[in-house]
Structures are given as structure tokens and as C-alpha cells.
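# Topology and contacts: notes
Chain by chain, the residues run as shown.
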Number of protein chains: 2
Amino acid sequence: MADLEEPKAPARWHLLDDKLLNACRVWDLRARRYRHPELGHEGEFYYIDSCDWVIVIARTRARELIMVRQFRWGSDALSWEFPGGIIDAGEDPVTAGLRELKEETGYIAESGRLIGHCSPNPAILNNQCHIVFADNVELHADGTDWDEHEEMEIRVVPESEVFDWARDCKIGHALALTGLLYYKMLAG
Amino acid sequence: MADLEEPKAPARWHLLDDKLLNACRVWDLRARRYRHPELGHEGEFYYIDSCDWVIVIARTRARELIMVRQFRWGSDALSWEFPGGIIDAGEDPVTAGLRELKEETGYIAESGRLIGHCSPNPAILNNQCHIVFADNVELHADGTDWDEHEEMEIRVVPESEVFDWARDCKIGHALALTGLLYYKMLAG
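What follows is about the pairing of strand 6 (residues 77–81) of chain B. Residue and element names in this part refer to chain B. As judged from the five bridges shared by strand 5 (residues 64–72) and strand 6, these two strands associate in the antiparallel manner. If you follow Phe-71 over to strand 6, its bridge partner there is Leu-78. Joining the antiparallel neighbours strand 5 and strand 6 is a turn of four residues, in which Asp-76 adopts a positive phi near 60°.

Now the structure itself:
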């Protein structure tokens, strides 16, 4: 068993090969072959190769947060979340967050700031999700600009009620809940 | 744009077809064909079909949490997380959490309880992750029982320091951070 007095860092495996198995539009299924640097054994591991994502926690002057609900084809169900999406190539995470906020909800902010980032799932995904906080957001007259297939319910929810929703598992998306943890720790 | 006075729930799409593309050992890549119930347009959506997962937040009598660090082949990096893994067919989430805790870290608890659950990613995954809290855990003489390829650093970290790790993005796994939010809200 592990020696708890002098913990030993686990080995970083050596990458031997990395191949595409299926291109899935906005992400790819790939497989990597690795060798353990000391033990010598090898293994093949499947993973999803994806661009980075962003979610944005947008707050009104009345301390309400902008929530969206949409049908999700992975879970085959409706899901309450924060606005967000894929960061375009070369795009700054804050710019991407404010763009997604505007496109999905019609709300705009003068500025935003990064309050955290995470690995959506380091076991099977290679990307990062950035968490942007935008304060004093306001509804813009231009409204939303949804992508093909996007269809959302937009709700402006008092901050304390959003935490009730999380407690009651009404918000299910792990990235939204991760965003809420950063919001609680760092948004002020 | 969306009418904010009378928000309309987005449609639940109708499932037309669901096919296997790649079997990836512990999960499968699949594609579903859907039709929008009112607009009539169709789309094919890729997703990962996976068993449910569990993570366990295990606390000692001194209010330290049991953390593990392991090499993750998705992110190609070492990752600090809570213990956890795949729930076996028919296994109760709490039983699974206490089993993973024992196997991965050598710590045992008399009991555990569910403090939340989440969708790891409803856009591309169809499974749930359950969050188990186990209090007053103790190291068992039997030690760990790692699966093939498992190799972990085990650290017993004061609760306040775990939140510092989260704030500093030293804990990156979104499921661990989601677990920490539930712990903050509900463990007591």
C-alpha cells in the first residue's frame, strides 16, 4: 500500500501513439498508446479530443443570475445550466464567454473576468473549461442569435434561488455546478 | 428573441435511431438521430454511453479530506481528485463509493450517504455521477487494492486547504469540484 508518510508521485506515462478513430463534428474520438516509464507495461486508452469550452456566470444589478434551459442530446433530457459554448480558435475565453452570453440570452456586459477553469473530465477529455464572471449585465435590444438547433428558455433567477436549485439537483450539469463553486468562492 | 415574461420550455426532440459507432472498453461512442417535434428538422448527435460513476468525499475525525493524485490519459497529466470510479451493475452508489474508497486509498467508513448527483456532461454523456459523503474514515490494515494500471498518491488534506487547492485550480477535475460544492452546501 501507499506510504502515507512519504507519498510518491505517480508516474507520467510515455505517449507512444495517438490516432483518430471517429470524427464527431465538434470533437473527435481518438486512442492513445502509452507505456509506463518504470514498469514497462503498455495500454491503449480512448479519449475525446475537443476544443476548450467556456461558461459564463452573468449577474444583474439585482444579484440575479442568467440561467438557460435546453434539450441535451447526450442525456436525452432538458437541462438548466449557465450560458456557454465552444471557444473559437484564437478567441480569448472572456471574449468567448461574453459572445455566448449575448448569442444565447441577449444579455450583454461591459466586461468580464476569469474566475476559474477546470478539466471537464481528465479521464476521457483533453480540454479545459473556463469560467467567466460578468457583472451588471443588461438585456440588449438586439436579442438572441441562436445557432442551428439551439432553442433555449432563459430565466433570470435570484442568486440564493440558484443555490437552492443546485442543492435540489435541479441544476445537473457538472460544469454549471463547478462554475457555481467558483462563483461562491471568488465572485464577491 | 425569447419572451422573458412568459418563458417557453424548449422542445424535447423525438429519438429516431441510436447506433453504436465504437466500443471503447468502459464506454461506447454512439450516435442518435433526432427530429424536432414541431419544426420537423432532423439531426444526428454523437454521445458517449457510459455506466454511472461515483465519487466519495471521505473525512477523518480531524476534518481532513482524502485526496488522490493519478495520471489521467485523457488530459495526459497528473490530476488531484477525490477517490471514485465506475458503479458496478446493480451496485448501490453508496456501496460503490465506499468500495472505491477502500480499494483506492485503504480508508474505510462505517457508513456513507448521498449528498448529491450530477450529469457529468449532458451534451455528450448520458450518465450520472453520484456524490457520497463518508465521515470519520480510518485507515484499514489491509491497505489498497488497485486495478490494473492504477497508481495513486494518497494525501490527507485539512478541509480548508482543499478549498485553497480548488481556489488555486490545483484541483482541476470538474466532478471533484462539483463534489466540493455539494460538500460545502450539505455535509455539515
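A separate point is helix 3 (residues 174–186) of chain B. Residue and element names in this part refer to chain B. Along its 13 residues, helix 3 runs 18 Å from first to last C-alpha, staying within 8% of the 18 Å computed at 1.5 Å per residue. Counted residue by residue, helix 3 has eleven buried out of 13 residues, so it is predominantly covered. For helix 3, the full list of buried residues reads Ala-174, Leu-175, Ala-176, Leu-177, Thr-178, Gly-179, Leu-180, Leu-181, Tyr-182, Tyr-183 and Met-185. One or two residues past the end of helix 3 sits Gly-188, with phi positive at roughly 80°.

Evaluated as defined, the whole model comprises 20 aromatic pairs over all chains. Note on Trp-73 of chain A and Phe-45 of chain B: the rings are 3.9 Å apart at their centroids and 5° apart in plane angle, and the pair reads as stacked. Note that Trp-73 of chain A is positioned in the loop between strand 5 (64–72) and strand 6 (77–81) and Phe-45 of chain B in strand 3 (residues 42–50), a pairing that runs across two chains. With respect to class, Trp-73 of chain A is no different from Phe-45 of chain B; both count as buried. Chaining the aromatic ring pairs together yields one cluster made of Trp-13, Tyr-34 and Phe-45 of chain A together with Phe-71 and Trp-73 of chain B. If you follow Arg-32 of chain B out to its NZ or CZ, it ends over the ring of Tyr-47 of chain B, 3.8 Å from the centre. The ring of Trp-165 of chain B is capped by Lys-170 of chain B, whose NZ or CZ atom sits 3.8 Å from the centre of that ring.

Moving on, we come to the sheet that holds strand 3 (residues 42–50) of chain A. Residues and elements named next belong to chain A. An order of 1-2-3 is seen for the three strands of this open sheet, with the pairing classed as antiparallel. The open sheet has two free edges, formed respectively by strand 1 (14–24) and strand 3, since each of these has just one partner strand. Each adjacent strand pair in this sheet contributes to an overall mean axis angle of 25°, direction not counted. Inspection of the sheet shows strand 1 paired to strand 2 (residues 27–35) by nine bridges, in the antiparallel sense. Across the sheet, residue Lys-19 finds its bridge partner in strand 2, namely Ala-31.

The subject of this paragraph is the confidence of the model for chain A. Of the residues in chain A, 96% have a pLDDT of 70 or more, and the chain-wide mean is 93. Quick note on the complex model: pTM equals 0.94, ipTM equals 0.94.

A few words on the pairing of strand 4 (residues 53–58) of chain B. All names here are of chain B. Burial analysis of strand 4 places six of its six residues in the buried class, the great majority of the element. Of the two faces of strand 4, the one lined by Trp-53, Ile-55 and Ile-57 and the one lined by Val-54, Val-56 and Ala-58 are each fully buried. The pairing of strand 4 with strand 7 (residues 84–86) spans three bridges and is antiparallel. Residue pairing for strand 7: Val-54 is matched across the bridge by Gly-85.

This brings us to the nonpolar core. As a rule of thumb, soluble globular proteins bury nonpolar side chains together. Core analysis: the biggest nonpolar cluster contains 72 residues, and Phe-82, Leu-180 and Tyr-183 of chain A together with Phe-82, Leu-180 and Tyr-183 of chain B have the highest contact counts within it. In this view, Leu-180 of chain B contacts Leu-181 of chain A together with Ile-57, Leu-65, Phe-82, Val-162, Phe-163 and Ala-166 of chain B; residues no more than four positions away in its chain are not counted. Within the second largest apolar cluster, 17 residues are counted, among which are Ala-58, Leu-98, Ala-109 and Ile-154 of chain A.

Residue and element names in this part refer to chain A. According to the stated counting rule, one finds 34 salt bridges over all chains in the structure shown. Among the salt bridges present, the one from Arg-32 reaches Asp-18, with a minimum N-O distance of 3.3 Å. Remark: Asp-18 occurs in strand 1 and Arg-32 occurs in strand 2; sequence separation between them is 14 residues. A residue is classified by how much of its surface remains accessible, and Asp-18, at 30% relative accessible area, is partly exposed. Across the pair Arg-33 and Glu-42 runs a salt bridge, and its minimum N-O distance is 3.1 Å. Residue Arg-33 is classed as partly exposed on the basis of its relative accessible area, which comes to 32%.

All names here are of chain A. The interhelical angle for the contact between helix 2 (residues 159–167) and helix 3 (residues 174–186), taken along N-to-C directions, is 135°, at an axis separation of 11 Å. When the axis of helix 2 is compared with that of helix 3, the two are oblique. Our pair here, helix 2 against helix 3, has a crossing hand that is left-handed. Along its contact with helix 2, which presents Glu-159, Val-162, Phe-163 and Ala-166, the element helix 3 presents Leu-177, Leu-180, Tyr-183 and Lys-184. In the contact of helix 2 with helix 3, the residues fall into six nonpolar, no polar and two charged.

What follows covers unusual backbone geometry. Residue and element names in this part refer to chain A. Non-glycine residue Arg-63 carries a positive phi angle of around 55°. For Arg-63, the position within the fold is in the loop between strand 4 (53–58) and strand 5. Positive phi outside glycine occurs at Asp-76, with the angle close to 60°. Positionally, Asp-76 belongs in the loop between strand 5 and strand 6. Residue classification places Asp-76 among the partly exposed positions, given a relative accessible area of 33%.

Conventions used here
Residues numbered from 1 in each chain as written. Chains lettered and ligands numbered in written order. Predicted model: local features only at pLDDT ≥ 70, side-chain atom pairs only at ≥ 80, totals over all residues. Heavy atoms only, no water. Pairing = 2+ DSSP bridges. Helix = DSSP H or I, 4+ residues; strand = E, 2+ residues; numbered from the N terminus. Expected span 1.5 Å × (residues − 1). Buried < 20%, exposed > 50% of the residue type's maximum accessible area, 1.4 Å probe, protein only. Phe/Tyr/Trp six-rings, centres within 6.5 Å; stacked < 30°, edge-to-face > 60°. Lys NZ or Arg CZ within 6 Å of the ring centre and 35° of its normal. Axes fitted to C-alpha atoms, helices over the stretch in contact; angles between N-to-C directions. pLDDT = per-residue confidence, 0-100. Core = buried A, V, L, I, M, F, W, Y, C linked by side-chain atoms within 4.5 Å. Contact = heavy atoms within 4.5 Å. Salt bridge = Lys/Arg side-chain N within 4 Å of Asp/Glu carboxyl O. Parallel < 35°, antiparallel > 145°, perpendicular 65-115°, else oblique. Left-handed = near helix turned anticlockwise from the far one by under 90°. Nonpolar A, V, L, I, M, F, W, Y, C, P; charged D, E, K, R; others polar.

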